[in-house]
Amino acid sequence: MTARKHSRQRELIKHFLASRKDHPTADMIYTNVRSQNPNISLGTVYRNLTLLVQDGEINRLRLGDGVDHFDADTSPHYHFICSECGKVADLEIEHPESIINAAAADFDGQITGHVAYFYGTCGNCLKHNQNL
């Protein structure tokens, strides 16, 4: 992690992300952080998000919807994306090393990391669809 000068804007962004589990986009972060710091610009939010990702303080999620999402939880975990509403939720898998072991079983190289996204329909959308 690079030593950086303290930034009030960066701290606001980190605090906001730490309070969320919905993996917000930069625009969502900007809108919410702006309520605490009306002078912050969207460019400042993007620059600080990039720095936080580079420093390993947050994760950038590229979910295939053309928009980056951000996650303050940097621990190893997986994500579920609802195909109906687009909700992104954390998935806790008890033995994530089993996925690496399965991938490495027939691979003659060295696997050093992985990203996996799970897709389907969230519980809220299932309930809504059943009530139609």
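Cut-offs used in this document
Residues numbered from 1 in each chain as written. Predicted model: local features only at pLDDT ≥ 70, side-chain atom pairs only at ≥ 80, totals over all residues. Heavy atoms only, no water. Buried < 20%, exposed > 50% of the residue type's maximum accessible area, 1.4 Å probe, protein only. Core = buried A, V, L, I, M, F, W, Y, C linked by side-chain atoms within 4.5 Å. Helix = DSSP H or I, 4+ residues; strand = E, 2+ residues; numbered from the N terminus. Contact = heavy atoms within 4.5 Å. Pairing = 2+ DSSP bridges. Disulfide = S-S within 2.5 Å. Arc of directions from axis to C-beta. Phe/Tyr/Trp six-rings, centres within 6.5 Å; stacked < 30°, edge-to-face > 60°.

Draft legend 1. Region of the structure containing unusual backbone geometry. Backbone geometry places His23, a non-glycine residue, at a positive phi of 55 degrees. Taking the relative accessible area as the measure of exposure, His23 reaches 2% and is therefore buried.

Draft legend 2. Expanded view of the nonpolar core. If you look at the biggest cluster of nonpolar residues, it comprises 14 residues, and the most contacted ones within it are Ile13, Leu17, Ile29, Val33, Val45, Leu49 and Phe70. Looking at this core, the elements that each hand over two or more residues are helix 1 (8–18), helix 2 (26–34) and helix 3 (42–54). Dropping the residues within four chain positions of it, Val33 is found in contact with Leu12, Ile13, Phe16 and Ile40.

Draft legend 3. Looking closely at the pairing of strand 2 (residues 68–71). Sheet analysis places strand 1 (residues 59–62) next to strand 2, joined by 4 bridges and oriented antiparallel. Paired with Leu61 across the bridge in strand 2 is His69. In textbook terms, the turn of a hairpin is the stretch between consecutive antiparallel strands, and for strand 1 and strand 2 this stretch comprises 5 residues, one of which, Gly64, has a positive phi near 90 degrees.

Draft legend 4. Quick look at the state of the cysteines. As enumerated under the stated definition, the model contains 0 disulfides in all. The thiol sulfur of Cys122 is not disulfide-bonded, and the nearest other cysteine sulfur, from Cys125, lies at 3.6 Å.

Draft legend 5. Region of interest: helix 1. Within helix 1, burial applies to Arg10, Leu12, Ile13, Phe16 and Leu17. All buried residues of helix 1 project into a common sector of 160 degrees when viewed along the axis, lining one side. Exposed positions of helix 1 whose direction lies more than 90 degrees from the buried face are His15 and Ala18. In this structure, the buried side of helix 1 is in contact with helix 2, helix 3 and strand 2.

Draft legend 6. Inspection of the side chain of Asn48 at higher detail. Summarising the element assignment, Asn48 is placed in helix 3. Once residues within four sequence positions are removed from consideration, Asn48 is found in contact with Ser7, Gln9, Arg10 and Ile13.

Draft legend 7. Broad picture of the packing of aromatic side chains. Counted according to the given criterion, the structure contains 1 aromatic pair. Taking the centre distance of 6.0 Å and the plane angle of 85 degrees together, the rings of Tyr78 and Phe118 count as edge-to-face. Taken together, the residues Tyr78 in strand 3 (residues 78–82) and Phe118 in strand 5 (residues 117–120) connect sequence positions 40 residues apart. Judged by relative accessible area, which is 5%, Tyr78 ranks as buried. For Phe118, a relative accessible area of 33% gives the class partly exposed.

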